[in-house]
Amino acid sequence: MRIYKDIFTGDEIFSDTYKIKLVDEVLYEVYGKHVRRTHGDIALDGANPSAEEAADDNETAVESGVDIVLNHRLCETYAFHDKKSYTLYLKDYMKKLVTKLEQTAPDQVDVFKTNMNKVMKDILGRFKDLQFFTGESMEIDGMVAMMEYRDINGESVPVLMAFKHGLEEEKF
């Protein structure tokens, strides 16, 4: 199994347990699904429920949402109120990525810049349909992944988008 982690924060973003597509060598699209999980009965240590509370014994905790978000403890961020605020973040983040690429893979910098501009122009055109997620640390200086819903075979499928060059692959 491979875990993809943010190179700046170390936060898990996704794993290879999902269907993954690489777009223009710069953006991963990770296809998730909506899930609903039951955690079982909740019992407090040392609790002694009274006869009236006995009926509540069968209550269970239910968690629902997008599997990628739940499994990797991603946190939705509302930091970007408009396209301008996201574009400012993106410029700073891309500068950090280019600096890192110049150190680790200088031969990829030009391809990265060209393809990233093309991909982001397309994505920014759909800005109002995007949700934004940080890793578990909620560190906004790291990667902010994007999610949109696409109609695939008549079903609304959540698609998480994350920058390839902002991730490191860890094998388990």
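That block above? That's the structure.
Let me begin by describing the structure that accompanies this report. Keep in mind that what you see is a predicted model, and the values were worked out from it rather than measured. (Residues numbered from 1 in each chain as written. Predicted model: local features only at pLDDT ≥ 70, side-chain atom pairs only at ≥ 80, totals over all residues. Heavy atoms only, no water.)

## A closer look at the pattern of salt bridges
Tallied over the full model, the rule gives nine salt bridges. Here Glu-170 makes a salt bridge to Lys-5, at a shortest N to O gap of 3.2 Å. Residue Glu-170 is found in strand S11 (residues 167–171), and its partner Lys-5 is found in strand S1 (residues 2–6); the two are separated by 165 residues along the sequence. A residue is classified by how much of its surface remains accessible, and Glu-170, at 29% relative accessible area, is partly exposed. Looking at Lys-5, the relative accessible area reads 16%, which means it is buried. In this structure, Arg-150 and Glu-29 form a salt bridge, with 2.8 Å as the shortest nitrogen-oxygen distance. In this pair, Arg-150 is assigned in strand S9 (residues 145–152) and Glu-29 in strand S4 (residues 27–31), connecting sequence segments 121 residues apart. Judged by its relative accessible area of 21%, Arg-150 falls in the partly exposed class. (Salt bridge = Lys/Arg side-chain N within 4 Å of Asp/Glu carboxyl O. Helix = DSSP H or I, 4+ residues; strand = E, 2+ residues; numbered from the N terminus. Buried < 20%, exposed > 50% of the residue type's maximum accessible area, 1.4 Å probe, protein only.)

## Some words on the sheet that holds strand S10 (residues 155–163)
Pairing in this open sheet of six strands is antiparallel, and the strands run S3-S4-S10-S9-S8-S7 from one edge to the other. Of all strands in the sheet, those bounded by a partner on one side alone are strand S3 (19–23) and strand S7 (75–77). Taking the axes of each pair of neighbouring strands and ignoring which way they run, one obtains an average angle of 35 degrees across the sheet. When S9 meets S10, the two strands line up antiparallel, connected through seven bridges. (Pairing = 2+ DSSP bridges. Axes fitted to C-alpha atoms, helices over the stretch in contact; angles between N-to-C directions.)

## Observations concerning the packing of aromatic side chains
Two numbers describe a pair of aromatic rings. These are the distance of the centres and the angle of the planes. For the coordinates displayed, the defined rule picks out 13 aromatic pairs. With a centroid separation of 5.7 Å and 70 degrees between ring planes, the pair formed by Phe-14 and Tyr-28 is classed as edge-to-face. Of this pair, Phe-14 sits in strand S2 (residues 12–15) while Tyr-28 sits in strand S4; the two residues are 14 residues apart in sequence, bridging distant segments of the chain. For Phe-14, a relative accessible area of 0% gives the class buried. Among the aromatic residues, those joined into a cluster by ring pairs are Phe-8, Phe-80, Tyr-86, Tyr-89, Tyr-93, Phe-127, Phe-132 and Phe-163. Its guanidinium or amino end placed over the ring of Tyr-31, Lys-19 lies 4.9 Å from that ring's centre, counting from NZ or CZ. The aromatic ring of Phe-8 is capped on one face by Lys-96, whose charged end is 4.5 Å from the ring centroid. (Phe/Tyr/Trp six-rings, centres within 6.5 Å; stacked < 30°, edge-to-face > 60°. Lys NZ or Arg CZ within 6 Å of the ring centre and 35° of its normal.)

Function cannot be read off these values alone, since they describe shape.
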